[in-house]
Amino acid sequence: MELRKLLKAREAAGNPIRVGWVGAGRMLTGAITQTAQMKGMWNAVICDLRTENAVRAYEINGVSRDDLIISNDVEEINAALDAGKSVVTGDCKIMSQINVDCVVEGTGNTNVGAEVAYRCIMNKKHIIMLNVETDVVIGPVLHQMAKSAGIVYSVSSGDEPGLITELVDRWEGLGFEIVAVGKTPSSLGKLDYDATPDTVAEDAKELKVNPHFLVTFRDTTKTAIEMTSISNATGLPVDKRGMHGPVSGVVEMAQNFRLKSEGGLLDHIGVVDYAVPLKNPDGSVDFVNSVTPGVFVVIRAKHPQMQADLQYFDVEHTGEYYTLYTPYHLVTSEIPLSIVRAVEENEPTVVPTYGRLTEVIGIAKKDMMPGDIVDGGGGFTVYASNDWAYIAKEQKLVPFGLLDHAKVIAPIKKGEPVTFDHVEVRKDTVLYHLRELQDSLIQPTMPEELKEMKK
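Residues numbered from 1 in each chain as written. Predicted model: local features only at pLDDT ≥ 70, side-chain atom pairs only at ≥ 80, totals over all residues. Heavy atoms only, no water.

A. View of the overall build of the protein. In terms of helices and strands, the protein carries 16 helices and 16 strands. Over its C-alpha atoms the protein spans a radius of gyration of 22 Å, differing by no more than 12% from the 23 Å that the globule rule assigns to 455 residues. The principal-axis extent of the C-alpha atoms belonging to the protein is close to 65 × 60 × 50 Å. When burial is assessed residue by residue, the protein has 56% of its 455 residues classed as buried. Taking all contacts inside the protein whose residues are at least 6 apart in sequence as the whole, residues at least 24 apart take part in 72%. Accessible surface, the protein: about 19,600 Å² in total, of which carbon and sulfur atoms supply 50%. A gap of 1 Å separates the mean positions of the 45 positive and 62 negative side-chain charges of the protein. (Helix = DSSP H or I, 4+ residues; strand = E, 2+ residues; numbered from the N terminus. Rg over C-alpha atoms; globule rule 2.2 N^0.38 Å. Buried < 20%, exposed > 50% of the residue type's maximum accessible area, 1.4 Å probe, protein only. Contact = heavy atoms within 4.5 Å. Areas by Shrake-Rupley, 256 points an atom, 1.4 Å probe, with all protein chains shown as cover. Lys, Arg positive; Asp, Glu negative; His and termini not counted. Charge placed at Lys NZ, Arg CZ, Asp CG, Glu CD.)

B. Molecular detail of the nonpolar core. Counting 60 residues, the largest nonpolar core has Val45, Leu81, Ile121, Ile127 and Val423 as its most contacted members. It is helix α6 (residues 132–149) that contributes the most residues to this core, nine residues altogether. Apart from the residues lying within four places of it in its own chain, the contact partners of Leu81 are Arg18, Trp42, Ala44, Val45, Val87, Ile98, Asn99 and Val100. Leu163, Leu167, Phe176 and Leu188 belong to the second-largest nonpolar core, a separate cluster that totals 31 residues. (Core = buried A, V, L, I, M, F, W, Y, C linked by side-chain atoms within 4.5 Å.)

C. Just the side chain of Glu115, in detail. You can see Glu115 is positioned in helix α5 (residues 110–122). The class of Glu115 is buried, set by a relative accessible area of 18%. Only 3.0 Å separates the side chain of Glu115 from the side chain of Arg119, close enough to count as a polar contact. Contacts of Glu115, omitting those with residues within four sequence positions, involve Lys93 and Val430. (Polar contact = N/O pair within 3.5 Å; in protein donor to acceptor, adjacent residues only side chain to side chain.)

D. View of the sheet that holds strand β1 (residues 17–22). Taking strand neighbours across the sheet as the criterion, the seven strands line up as β3-β4-β2-β1-β5-β6-β7 in an open arrangement whose pairing is parallel. Since the sheet does not close on itself, it has two edges, and those belong to β3 (68–70) and β7 (153–155), each with one partner. Between one strand and the next, the sheet's axes are offset by a mean angle of 25°, whatever the strand orientation. Running over the sheet, helix α3 (residues 51–59) touches β2 (41–47), β3 and β4 (86–89) and is turned about 155° from β4. (Pairing = 2+ DSSP bridges. Axes fitted to C-alpha atoms, helices over the stretch in contact; angles between N-to-C directions.)

E. Main features of the sheet that holds strand β9 (residues 271–274). A sheet is described by the order of its strands in space; here five strands give the open sequence β9-β8-β10-β12-β11, paired in mixed fashion. Every other strand in the sheet has two partners, leaving β9 and β11 (317–318) as the edge strands with one partner each. As defined by bridge partners, strand β8 (residues 177–183) adjoins β9 across four bridges and the pair is classed as parallel. Looking at β9, one finds that Ala180 is bridged to Val271.

F. Geometry of helix α13 (residues 331–345). Here α13 contains 15 residues, and its C-alpha end-to-end distance of 21 Å stays within 8% of the 21 Å for a straight helix at 1.5 Å per residue. Taken together, the buried positions of α13 are Val331, Ile335, Pro336, Ser338, Ile339, Val340, Ala342 and Val343. Two residues or fewer past α13, Asn346 is found with a positive phi of approximately 55°. (Expected span 1.5 Å × (residues − 1).)

G. Broad picture of unusual backbone geometry. Between Thr292 and Pro293 the backbone carries a cis peptide bond, its omega angle lying at 0°. Position of Pro293 among the secondary structure elements: in the loop between β9 and β10 (295–300). Unlike most non-glycine residues, Thr220 shows phi in positive territory, near 75°. Judged by its relative accessible area of 7%, Thr220 is buried.

H. Summary view of the packing of α6 against helix α15 (residues 430–441). Interaxial distance between α6 and α15 falls to 9 Å at its minimum, and their mutual angle equals 70°. What the angle tells us is that α6 and α15 run roughly perpendicular. With respect to the hand of their crossing, α6 and α15 are arranged in left-handed fashion. Of the residues in α15, those in contact with Val136, Val137, Ile138, Gly139, Pro140, Val141, Leu142 and Met145 of α6 are Leu431, Leu434, Arg435, Leu437 and Gln438. (Parallel < 35°, antiparallel > 145°, perpendicular 65-115°, else oblique. Left-handed = near helix turned anticlockwise from the far one by under 90°.)

I. Structural detail: helix α10 (residues 221–234). The end-to-end C-alpha distance of α10, which contains 14 residues, comes to 20 Å, matching closely the 20 Å that a straight helix rising 1.5 Å per residue would cover. Across the 14 residues that make up α10, a large majority, 14, are buried. Following α10 by one or two positions, Gly235 adopts a phi angle in the positive range, close to 80°.

J. Broad picture of the packing of helix α1 (residues 3–13) against α13. Close contact between α1 and α13 brings their axes to 11 Å; oriented N to C, the two are set at 70°. Here α1 is positioned roughly perpendicular relative to α13, judged by the angle of their axes. Judged by the twist between their axes, the crossing of α1 over α13 is left-handed. Residues Leu3, Leu6, Leu7 and Arg10 of α1 lie in contact with α13, whose contacting residues are Leu337, Val340, Val343 and Glu344. Residue classes in the contact of α1 with α13 are distributed as six nonpolar, no polar and two charged. (Nonpolar A, V, L, I, M, F, W, Y, C, P; charged D, E, K, R; others polar.)

K. Focus on the side chain of Thr134. Tracing the sequence through the fold places Thr134 in helix α6. Discounting chain neighbours no more than four positions away, the residues touching Thr134 are Asn109, Thr110, Gly113, Ala114, Met129 and Gly139.

Encoded structure:
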């Protein structure tokens, strides 16, 4: 993609890509700011329930409040856009009817993500998802629907799913064997499966983040979700339920992510996983020797000349296993790449090419009894793990995204995976009905089918 050329042409024609944003939190405000610096791009509409957040996202990029149209009326909004006015709205349900070229959904709310994505696809409007939480529940069916509609459904560039998927494509395309891919978030320096908003409250205040948000990073929920999205996009499954997650820095990666028969942790080659960062003597994260906050790809090079070349460039290795990594991920900066690719080339960045390969499931943080309500990710009751989707189906495990506000109907013990025998899930959401449709149309990808798909 010739990014500069494409956008300069748009700029010269006076026809910038019109972008509609759903959510004006920390991540999307950064992406909105990045887009504001680009030629041939226009932050046409920003949607947030808290309209002041959307107004602020404009104001910090030089757009005066007095120059904004604030409305929930589709006709008024479209007229404003045609007149060159930027718009703020509080109603995400109308985004698919607004005259923009592409919508970016970044709320992190699974139900909102489902509704926005579905409406956009039905109205043949490109939809880019920073909301990976939705993708891992209904991404396969949304992808198929978008293909049929001739538009793009895609998880975004920049975040770990986009970055890792691109690295897998590069290195496997170059002829290397992919051994393991993953991320090393700094948050896992304080890994705690029992984390709750109460236990992280002090750290959340210091970091100036929502405690529920911080919980999803500390208890591996966010990691399980992102690695599942990557799995379904690349065809790399989990090696075991919940992955391995060893403490590893740059040096330890190729030592740990190799076959057990050769001194590593893996039963199989070609998996998604994660690593816990190294720590300094004072307990802080060792950012020098860890990959944190980046991503890694462990490859296997069997040819002596390939080994010699990699070692010539000082690539860290153990035997035939070599560690390639990016020590950062720039989600706010790179989201626009997916927008341009969708609009100009009708191509996605990350889609579940391998269907329902891996499923995100819920593990109980505490004992629960009939009548209790499961509060979903970032709360007090469950954290996310992952496993092969066919195993999740066989064991009747509830997709994690459906657990929010589920009612407990049978006792659940701490540490137990939550099944459909344990809970009644909400059936009054677009998310539920799309998942029901997906289950009827797209069956889990079996190991033998995966082998055939990857030939």
